[in-house]
Amino acid sequence: MRRNNDTGAFFMTKSKTLLLGTALLLAGALARWPTWVCLAAAGTLLWGLGGLGHGATHGPSVRLLHAVHAGAMAVWLGGVLTLVSRPEERLPALARFGPVATVCVLVLGVTGVVASWEHAGGMPTTDSRYGRVLLLKLAFVGAVLVVAGLLRRSLARQRRVDAWLGLELALLSLILA
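Residues numbered from 1 in each chain as written. Predicted model: local features only at pLDDT ≥ 70, side-chain atom pairs only at ≥ 80, totals over all residues. Heavy atoms only, no water.

### Remarks on the overall build of the protein
Tallying secondary structure elements over the protein gives six helices and zero strands in all. Along its sequence from the N terminus, the protein presents helices and strands in the succession α-α-α-α-α-α. When burial is assessed residue by residue, the protein has 29% of its 177 residues classed as buried. Carbon and sulfur atoms form 69% of the exposed surface of the protein, whose accessible area is close to 11300 Å². (Helix = DSSP H or I, 4+ residues; strand = E, 2+ residues; numbered from the N terminus. Buried < 20%, exposed > 50% of the residue type's maximum accessible area, 1.4 Å probe, protein only. Areas by Shrake-Rupley, 256 points an atom, 1.4 Å probe, with all protein chains shown as cover.)

Put into structure tokens, the structure is as follows:
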């Protein structure tokens, strides 16, 4: 069991890893690195991220599970962030990103269930801190999915989607907190 003073160090390490990864991928995009180089960098970073927290004390299969989960979240969050930051390209990009986001949600669902089952040794309960945090995250996930559905509906009706995208981005950020 992790002591409270270790929690701060864990979040600092995770934050530094995410910041480093963001910088690395931005550098790759700006320098126009080949796709395979960016994918290799992202995979290496996700493997490292998968080894933090719960993945640090388990074998490679759990680490891979966490890396895939983090990768799906990174693609979903990165896609929404890109849509928010590029309003001139938003509608065509949003139509292309919809299926990608759907796959990300499915991967997050499957890997999330397996990871929570593995971590809690069964169905997590609200008696534990882990169970309470998981329940809060699931509430945010539910809210994000409602917003994403409203966003798709607005897109289909050719309405403005700015507010829905901003709300989806904010809720995704809360899930990561």
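### Quick word on the environment of G166
Along the chain, G166 turns up in helix α6 (residues 162-176). Linking G166 and V84, residues 82 residues apart in sequence, is a C-alpha distance of 6.7 Å.

### A closer look at the nonpolar core
Within the largest apolar cluster, 21 residues are counted, with the highest numbers of intra-cluster contacts made by W76, V80, L165 and L172. Secondary structure elements with two or more residues in this core: α3 (60-85), α4 (90-120), α5 (129-156) and α6. In contact with L172, not counting residues within four places along its chain, are M73, W76, L77, V80 and V144. (Core = buried A, V, L, I, M, F, W, Y, C linked by side-chain atoms within 4.5 Å. Contact = heavy atoms within 4.5 Å.)

### Points about the packing of helix α2 (residues 35-50) against α3
At their nearest, the axes of α2 and α3 sit 8 Å apart, and the two run at 120 degrees to each other. One way to sum up the angle between α2 and α3 is to call them oblique. The interaxial crossing formed by α2 with α3 has right-handed handedness. Contacts from L46, W47, G48, L49 and G50 of α2 reach α3 at P60, R63, L64, H66, A67, A70 and G71. Grouping the amino acids of the contact of α2 with α3 by side-chain chemistry returns seven nonpolar, four polar and one charged. (Axes fitted to C-alpha atoms, helices over the stretch in contact; angles between N-to-C directions. Parallel < 35°, antiparallel > 145°, perpendicular 65-115°, else oblique. Left-handed = near helix turned anticlockwise from the far one by under 90°. Nonpolar A, V, L, I, M, F, W, Y, C, P; charged D, E, K, R; others polar.)

### Details of α4
Bending of α4 peaks at approximately 35 degrees at the position of F97, with proline P99 no more than four residues after it. Within α4 the residues assigned to the buried category are R90, A93, L94, F97, G98, A101, C104, L108, T111, A115 and S116. (Bend = angle between axes of the 7 residues up to and from the residue.)

### A look at the environment of L169
Structurally, L169 is set in helix α6. By relative accessible area, which is 16% here, L169 ends up buried. Sequence-wise, L169 and G78 are 91 residues apart; in three dimensions their C-alpha atoms are separated by 9.3 Å. Apart from the residues lying within four places of it in its own chain, the contact partners of L169 are L77, V80, L81 and V84.

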